[in-house]
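# Fold and geometry: a report
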Amino acid sequence: MVGVGDIKFKIHKKIPIKCKNNLVIRKYKITDTELFYYYTKDPELTRYMPCGPTTSLEEAKKFIVEVRKSYVTERITRFVIANAETDELVGAISIYVIDPNGIIELGYWLGKPYWGKGYMTGVLESLIDVLKTIPDIKAIRIRVDRNNIASIRVANKVGMKKIGDGDSYMIMGLNLSS
């Protein structure tokens, strides 16, 4: 059995990841603070996120500083989705290793100007292609609020199927092992 840390280490080694639609998955930078705050203070954007809206620029900076500190140990796998040309943050993605047997869970968001344009589908397709190159990763899951129709559609477009239910969410999954 491979350890959770081993899988996280292998994910970190794949970053940055070039994605479709001229986007890239990269590590957070302090310069992301203002756009991170701008997007995540919006209650409509964060309505399906367990953390809720960011309440201040200082809170946004503290979050990014903590994530950046964790890159040293590679214990957190939270990344920015950025415009590949301008390097501006347009969203974020987290990759949680939820089982040492190779099951990971994704969490993600995009700023409202990028909604409904196929960007997240392209990001997930690109990310899944890269995750498939890590033999220790056997399955990918997304826990999605039942009311988040857009996220359910994205999961379906990248080949995920409903595999479980919670109180207010469903679990969508994609097995990578043959």
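Residues numbered from 1 in each chain as written. Predicted model: local features only at pLDDT ≥ 70, side-chain atom pairs only at ≥ 80, totals over all residues. Heavy atoms only, no water.

This brings us to the confidence of the model for the chain. Across the chain, the average pLDDT comes to 93, with 98% of residues at 70 or higher. The element-level mean pLDDT for the chain is lowest in helix 1 (residues 4-12), coming to 86, with strand 2 (residues 23-26) highest at 98. (pLDDT = per-residue confidence, 0-100. Helix = DSSP H or I, 4+ residues; strand = E, 2+ residues; numbered from the N terminus.)

Here we take up helix 1. Among the residues of helix 1, those classed as buried are I7, K8, I11 and H12. One side of helix 1 holds all its buried residues, which, seen down the axis, span an arc of 140°. (Buried < 20%, exposed > 50% of the residue type's maximum accessible area, 1.4 Å probe, protein only. Arc of directions from axis to C-beta.)

Time to look at helix 5 (residues 119-131). A rise of 1.5 Å per residue sets the reference length of helix 5, with its 13 residues, at 18 Å; its end C-alpha atoms lie 18 Å apart and thus fit the reference within 8%. Of all 13 residues in helix 5, ten are buried; the element is thus mostly enclosed. Of the positions making up helix 5, those classed as buried are M120, T121, G122, V123, L124, S126, L127, I128, V130 and L131. (Expected span 1.5 Å × (residues − 1).)

Evaluated as defined, the whole model comprises nine aromatic pairs. Note on Y28 and F36: the rings are 6.1 Å apart at their centroids and 75° apart in plane angle, and the pair reads as edge-to-face. Relative accessible area serves as the criterion here: at 6%, F36 is assigned to the buried category. Summarising the aromatic geometry, the rings of F36 and F63 are spaced 5.1 Å apart at their centres and angled 10° between planes, so their arrangement reads as stacked. With F36 in helix 2 (residues 33-40) and F63 in helix 4 (residues 57-73), the pair connects residues that are 27 residues apart, well separated along the chain. For K27, the ring lying beneath its charged end belongs to Y71, and the centroid distance is 5.0 Å. (Phe/Tyr/Trp six-rings, centres within 6.5 Å; stacked < 30°, edge-to-face > 60°. Lys NZ or Arg CZ within 6 Å of the ring centre and 35° of its normal.)

Below, the discussion takes up the pairing of strand 2. The side-chain alternation of strand 2 yields two buried faces, one formed by L23 and I25 and the other by V24 and R26. Inspection of the sheet shows strand 1 (residues 17-19) paired to strand 2 by three bridges, in the antiparallel sense. Residue pairing in the sheet places C19 in a bridge with L23 of strand 2. Count of turn residues in the strand 1/strand 2 antiparallel hairpin: three residues, of which N21 carries a positive phi of about 60°. Summarising the sheet, strand 2 and strand 3 (residues 78-83) pair through four bridges and their orientation is antiparallel. By the bridge assignment, R26 is partnered in strand 3 with V80. (Pairing = 2+ DSSP bridges.)

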